[in-house]
Amino acid sequence: MVLDDLFLDLHGFIEGVDLALKIEGLNPAGSIKLKAAVGLLDDAERRGLLKPGGRVIESSSGNLGIALSSVCAARGYRFTCVADPNTASASVALIKAFGGQVVIVDQRDANGGFLQSRVDYIQARLRDEPDLLWPNQYANQANPRVHYEHTAASIYKQYLNVDQLFVGAGTTGTLMGCVEYFRRHSPGTRIVAVDTVGSVTFGFPPGRRYIPGLGTSRRPEIFRPGVVDEVVMVPEAQAVQMCRRLAGERGILMGGSTGSVLAAVEQRKAEIPAHATVVAIGPDSGERYLNTLYDDDWVRGHFGFVPDPLTAQQPA
Ligand SMILES: Cc1ncc(COP(=O)(O)O)c(C=O)c1O
């Protein structure tokens, strides 16, 4: 069910870098989060926490919600997704299409994000409805484990000698799974974590963020500090520019977190040795963002500029 062997050759897209992009957007349910959903539900079933007809609740800014609603539909569970105003309307529609319920929490937390508010909502529901299962992707080791077993293993199988691996950080499930795997099987691989300016995961100050996927307003429990080789913080405007450039130059439509990861490679290109094998993970594709990242009015409203259609750069 998981499509784990799709890589796109982006040689030359970032000057001087031999870059391969791992494509996750063609998984069923449209993103890397299919693996997290399967991993979390398998784990709950194995531990006897989910019985036929059971109910699942989870906090998600979109992709895990879509993936869980799809896998819950296939396994006969009812699903409630706790989302926030940054969740794309297309994601809400997809969750509903799979029979999921969507609750939008619009109260910002102390760090200006929504994560703590979403978690508070879930905890209140669990107090009243103890039969609800909360997989809790931010704290559940089944999340990194599934990326250890699938995402990281498939990269290693494809490119035995990966010199540098760029991985975006949301819950940090993908990142922690990759760190664990590569430290064991390929300790020479340099792991570069990519996060969004405004995210607190790596100890930087909180700030407003508008693009779902990367970043947190509260450090995830599964995150282990100090285990990556480098952290690159990318402003969201650069992610938008990179997405637009990839669409304009290569005809490939990717989501915002892929734009961030590519912008991080661009930022670090001077430090990447010639002929190094560089792999970046592209968590989803761009169709869900047609009304946001790829909409000029939305970009102007949120970032105050519209990328030049030819160069995808911010006008001077
Ligand atoms: C588009 C996108 N990119 C990146 C991520 C981050 O992945 P992880 O939660 O494994 O850190 C997510 C997670 O929801 C996502 O939806």
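Everything quoted here is computed from the prediction, not taken from an experiment.

## As for the site of the ligand
Moving on, step 1. Near the ligand, the surroundings consist of 18 residues, among which N63, G170, G213, S257 and P283 are the closest.
Moving on, step 2. Contributing elements (two or more residues each) for the shell around the ligand: α2 (63–75) and α6 (173–185).
Moving on, step 3. The dominant element in the shell around the ligand, judged by the number of residues it contributes, is α6, at three residues.
Moving on, step 4. Looking at side-chain class alone, the shell around the ligand contains five nonpolar, 11 polar and two charged residues.
Moving on, step 5. Each of domain 1 (7–26 + 150–303) and domain 2 (33–133) accounts for three or more of the residues forming the shell around the ligand.

## Quick notes on the domain arrangement of the protein
Moving on, step 1. Taken domain by domain, the protein comprises domain 1 (7–26 + 150–303) and domain 2 (33–133).
Moving on, step 2. Between the C-alpha centres of domain 1 and domain 2 there is a distance of 24 Å.
Moving on, step 3. With 18 residues of domain 1 at the contact, the number on the domain 2 side is 18 residues.
Moving on, step 4. Here the side of domain 1 that touches domain 2 is built from residues that sort into five nonpolar, eight polar and five charged.

## A closer look at the sheet that holds strand β1 (residues 7–9)
Moving on, step 1. Read from one edge of the open sheet, six strands run β1-β2-β10-β7-β8-β9, paired in mixed fashion. With one partner strand each, in any of the chains shown, β1 and β9 (230–234) form the two edges of the open sheet. Pairs of neighbouring strands in the sheet enclose a mean axial angle of 25°, with direction left out of account.
Moving on, step 2. Both strand β8 (residues 190–196) and β9 contribute to a ladder of five bridges, which runs parallel. Among the inter-strand pairings, T196 is bridged to a residue of β9, identified as V234.
Moving on, step 3. Along the sheet face, α6 touches β7 (164–168), β8 and β10 (277–282) and points at about 155° away from the line of β7.

## Topic: the environment of E15
Moving on, step 1. Residue position: E15 is located in the loop between β1 and β2 (18–23).
Moving on, step 2. For E15 and Q238, which are 223 residues apart along the polypeptide, the C-alpha to C-alpha distance reads 17 Å.

Calculation notes
Residues numbered from 1 in each chain as written. Predicted model: local features only at pLDDT ≥ 70, side-chain atom pairs only at ≥ 80, totals over all residues. Near = placed C-beta within 6 Å. Helix = DSSP H or I, 4+ residues; strand = E, 2+ residues; numbered from the N terminus. Nonpolar A, V, L, I, M, F, W, Y, C, P; charged D, E, K, R; others polar. Domains from an automatic or database assignment. Contact = placed C-beta atoms within 7 Å. Pairing = 2+ DSSP bridges. Axes fitted to C-alpha atoms, helices over the stretch in contact; angles between N-to-C directions.

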